[in-house]
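This is what each chain is made of:
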Amino acid sequence: MMYTRHYKYLRLYGYPVFAVFLNLILILLNSDESNTKDWKFYNNIDFVIEGLFCLLYTVALFETGLWLSKMINSTSMLKKNGSLRFFFKLLLHILIISVLVILFYSIDFPQKYGYNDLIARRTLIIGLIFSILITTGFTTEELLIKWNESQLEVIENKKQALQSELNALKLQLDPHFLFNNLSTLTSLIEENQDTAVQYVTNLSAVYRYVLSNRNKNMIALKTELDFIKEYLFLYQIRYGSSIVINITGESKNLNKFIAPLTLQLLVENAIKHNSFSVTTPLIININYQYNWIIVDNNKSAKFTKEPGEGIGLAHIYHSYQLLGDITPVVQDLETTFEVRIPLLNN
């Protein structure tokens, strides 16, 4: 809350400036003939003393307001009723300042200061006005801080909800992937043991990458590309020349970042939702340039939809909602399907 702050700059600069302002107000209010005659008996120390009185009055006005805010805001009975809390603070503030002014003017000051009942009443009225302004200011600040806190809480809740949904989506990624690869591996062991060994190595690397990075929100593009090459090896062993992969780009972009598993999801999406063969291969292009990585493929849609359609793209959208304002751009054209993914700085 606001009363836990130190108000360093208010105390360092605001109090002296306000004290000067208050002193000028009192001079203007008390500049009648009797007071101006008394000023000719003042020396420099007297003017300094009156300036210090104004500074002490300023400190009393503000520090009392801060103390009352701390005390009353911590009172459980008044927490739910903002109007009652405001008026209670205001009345206490006026009461305390009035008592301080009365006690101050009960001191027997030298005659030349001209402190009489009229000046005391004027000081009380000034205290009343500034009590209203200070209490209103601190109350407004409290409301603004509470509003900001509520907005931050809403944003944080949305972020946590997105993260939870994203984690849930990660667990749904292609449950048939392991089954299909084990089937391929069984065939390879019988036909080509050297390739089977390489296949197992890449398969373990893929799962190691998924397990170690699925809780991260960003990963270097170079790391993601190294992973996708191992991932694509598994598909190319299964499908041979039915799948053609082209990876191009500018080397300066390799140090930029991307949401993990983004490329894997897009490649998997293309393979899952298109029909292809040796004569009509599926061509997937991955091109990283400027501030984007572009993944596109030729379209030859299957007649029947695969289960879980849309999960991959939903995962990517949620990832980039967590990371920032720039979201992926999808272009579903007649003959091609293209997704533009923003490359991020760390």
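Quick caveat, the model's predicted, so the values are computed rather than measured. (Residues numbered from 1 in each chain as written. Predicted model: local features only at pLDDT ≥ 70, side-chain atom pairs only at ≥ 80, totals over all residues. Heavy atoms only, no water.)

### Comments concerning the pairing of strand β6 (residues 329-332)
Stage number 1. Bridge count for β6 against strand β7 (residues 336-342) is 4 bridges, and the pairing is antiparallel. When the bridges of β7 are listed, D332 appears paired with F337.
Stage number 2. Adjacent in sequence and paired antiparallel, β6 and β7 are bridged by 3 residues. (Pairing = 2+ DSSP bridges. Helix = DSSP H or I, 4+ residues; strand = E, 2+ residues; numbered from the N terminus.)

### Overview of the packing of aromatic side chains
Stage number 1. Under the defined criterion, the tally for this structure stands at 12 aromatic pairs.
Stage number 2. Pairing F18 with F21 gives two aromatic rings, centres 6.3 Å apart and planes at 55°, and the pair type is tilted. Of this pair, F18 and F21 both sit in helix α1 (residues 8-29), 3 residues apart, roughly one helical turn.
Stage number 3. When its relative accessible area of 44% is taken as the criterion, F21 is described as partly exposed.
Stage number 4. Here the aromatic rings of F86 and F87 are separated by 5.3 Å at their centres, their planes lie at 75°, and the arrangement is edge-to-face.
Stage number 5. What makes F87 partly exposed here is its relative accessible area of 49%. (Phe/Tyr/Trp six-rings, centres within 6.5 Å; stacked < 30°, edge-to-face > 60°. Buried < 20%, exposed > 50% of the residue type's maximum accessible area, 1.4 Å probe, protein only.)

### Let's talk about the sheet that holds strand β2 (residues 243-249)
Backbone-to-backbone hydrogen bonds join strands into a sheet, with any given pair of strands oriented parallel or antiparallel.
Stage number 1. Read across the open sheet, the 5 strands follow the order β2-β4-β5-β7-β6; overall the sheet is mixed. Here the strands that pair on one side only, and so sit at the sheet edges, are β2 and β6. The average angle at which neighbouring strand axes cross in this sheet is 10°, direction not considered.
Stage number 2. When β2 meets strand β4 (residues 282-289), the two strands line up parallel, connected through 7 bridges. When the bridges of β4 are listed, I243 appears paired with L282.
Stage number 3. The sheet contacts of helix α8 (residues 221-239) involve β2, β4 and β5 (292-298), and relative to β2 the element is tilted by about 165°. (Axes fitted to C-alpha atoms, helices over the stretch in contact; angles between N-to-C directions. Contact = heavy atoms within 4.5 Å.)

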